[in-house]
Amino acid sequence: MSRRLSDTRVRPGEQAGRVPIDELVIVPFEGFPAQIAQALAEELAARGISTRVDAPVPLPDAAYTPTRGQYRGEPLLALVSGHGARHVLGITHRDLFARDLNFIFGIASPGGACVVSTARLVIGADDELFRARLLKEAVHELGHTLGLEHCTDPGCVMYFSNRLADTDRKGDAYCERCVARLHAKQRR
Ligand SMILES: [Zn+2]
Ligand SMILES: [Zn+2]
């Protein structure tokens, strides 16, 4: 018997699919549009996460790699990790890469902070699509901070996005299996 796992996806707003974070601080890196950070904060607040946008912080110069025109993700993650709040999401419009990956949509440390880049989320997107992509990538990276790993369900927000098409296909909520994993972690 085959069952389509995407049929079991929990819809946004449903209690089971909510992101189990009470308070979140969004830290924009310099040059990031304030109204986009604010719009993301409102979307996350609608999911029960009390979210505020903090003052912008400078991009770490040492993270810039001129030969690639990109920033290394790890130093940005380290910078927001030192913010002090329990849950922190850094956000930048600059393109990021990490290790052997030629670009990343975001980076996170389990139990810690995360960073999302919008550099590629804008490609071919109108305002609505861009915001949908940003929400998915934010919920995805927050999932990593809560200890979730990548999910094999292409409809789950924790599915690994290798390309924008992956992001556009997946939903913006954790699937039932990921919700169960989250609950198991919280009980620990
Ligand atoms: Zn991931
Ligand atoms: Zn999942």
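Conventions and cut-offs
Residues numbered from 1 in each chain as written. Chains lettered and ligands numbered in written order. Predicted model: local features only at pLDDT ≥ 70, side-chain atom pairs only at ≥ 80, totals over all residues. Heavy atoms only, no water. Helix = DSSP H or I, 4+ residues; strand = E, 2+ residues; numbered from the N terminus. Rg over C-alpha atoms; globule rule 2.2 N^0.38 Å. Buried < 20%, exposed > 50% of the residue type's maximum accessible area, 1.4 Å probe, protein only. Contact = heavy atoms within 4.5 Å. Donors = N, O, S within 2.8 Å, 3.2 Å for Na, K, Ca; no water. Tetrahedral: all angles 85-135°; square planar, octahedral: opposite > 155°, others 65-115°. Pairing = 2+ DSSP bridges. Axes fitted to C-alpha atoms, helices over the stretch in contact; angles between N-to-C directions. Left-handed = near helix turned anticlockwise from the far one by under 90°. Nonpolar A, V, L, I, M, F, W, Y, C, P; charged D, E, K, R; others polar. Salt bridge = Lys/Arg side-chain N within 4 Å of Asp/Glu carboxyl O.

1. Here's the deal with the overall build of the chain
Item 1. Regarding its fold elements, the chain presents five helices and nine strands.
Item 2. Tracing the chain from N to C terminus, the helices and strands come up as β-α-β-β-β-α-β-β-β-β-β-α-α-α.
Item 3. For 188 residues, the compact-globule estimate of 2.2 N^0.38 gives 16 Å, and the C-alpha radius of gyration of the chain, at 16 Å, lies within 12% of that figure.
Item 4. Its C-alpha atoms put the chain at 55 × 30 × 30 Å along the principal axes.
Item 5. Burial analysis of the chain (188 residues in total) assigns 48% to the buried set.
Item 6. Looking at the chain alone, contacts between residues at least 24 apart form 65% of all its contacts between residues at least 6 apart.

2. Some words on the coordination of the zinc ion (ligand 2)
Reference values for angles at a metal are 109.5 degrees in the four-donor tetrahedral case and 90 or 180 degrees in the six-donor octahedral case.
Item 1. At 2.3 to 2.4 Å from the zinc ion (ligand 2) lie its protein donor atoms, namely Cys-151 (SG), Cys-156 (SG), Cys-175 (SG) and Cys-178 (SG).
Item 2. Considering all four donor atoms around the zinc ion (ligand 2), angles at the metal cover 106 to 113 degrees and the coordination shape is tetrahedral.
Item 3. We note that the donor set of the zinc ion (ligand 2) lies within a single chain, spaced as C-x4-C-x18-C-x2-C. In this pair, Cys-156 is assigned in the loop between helix H3 (127–145) and helix H4 (164–169) and Cys-178 in helix H5 (residues 176–187), connecting sequence segments 22 residues apart.

3. As for the coordination of the zinc ion (ligand 1)
Item 1. Note on the zinc ion (ligand 1): its protein donors are His-140 (NE2), His-144 (NE2) and His-150 (NE2). The metal-donor distances range over 2.0 Å.
Item 2. Counting gaps between the donor residues of the zinc ion (ligand 1) yields the pattern H-x3-H-x5-H. With a gap of 10 residues between them, His-140 in helix H3 and His-150 in the loop between H3 and H4 connect regions that are remote in the sequence.
Item 3. The class of His-140 is buried, set by a relative accessible area of 3%.
Item 4. Classification of His-150 by relative accessible area gives partly exposed; the value is 41%.

4. Quick word on the pairing of strand E9 (residues 114–117)
Item 1. Burial along E9 is two-sided: the residues Cys-114 and Val-116 and Val-115 and Ser-117 are all buried.
Item 2. By the bridge criterion, four bridges tie strand E5 (residues 88–92) to E9 in an arrangement that is parallel. Bridge assignment links Ile-91 to a residue of E9, and that residue is Val-116.
Item 3. Note that strand E8 (residues 106–108) and E9 share three bridges and pair antiparallel. The partner of Gly-106 across the bridge, within E9, is Val-116.
Item 4. Between E8 and E9, which pair antiparallel one after the other, the connecting turn spans five residues, and Gly-111 there sits at a positive phi close to 80 degrees.

5. Considering the environment of Leu-101
Item 1. You can see Leu-101 is positioned in strand E7 (residues 101–104).
Item 2. Separated by 50 residues in the primary sequence, Leu-101 and Cys-151 place their C-alpha atoms 19 Å from one another.

6. Notes on the packing of helix H1 (residues 34–45) against H3
Item 1. Following both chains from N to C, one finds H1 and H3 inclined at 65 degrees, their axes separated by 11 Å at the closest point. Both H1 and H3 take part in a crossing whose hand is right-handed. Where H1 abuts H3, its residues Ile-36, Ala-39, Leu-40, Glu-43 and Leu-44 lie against Phe-130, Arg-131, Leu-134, Leu-135, Ala-138, Val-139 and Leu-142.
Item 2. Here the contact of H1 with H3 is built from residues that sort into 10 nonpolar, no polar and two charged.

7. Quick look at the pattern of salt bridges
Pairs may arise between side chains of opposite charge once their charged atoms sit close together.
Item 1. Evaluation of the coordinates by the stated rule reveals seven salt bridges.
Item 2. Between Arg-47 and Asp-172 there is a salt bridge whose closest N-O contact spans 3.2 Å. Here Arg-47, found in the loop between H1 and strand E2 (50–53), pairs with Asp-172, found in the loop between H4 and H5; they are 125 residues apart in sequence, far enough to count as distant. Both residues of the pair, Arg-47 and Asp-172, count as buried.
Item 3. We note a salt bridge from Arg-131 to Asp-127, for which the minimum N-O separation is 3.3 Å. Highlighted residues: Arg-131 and Asp-127, both in helix H3, separated by four residues, approximately one helical turn.

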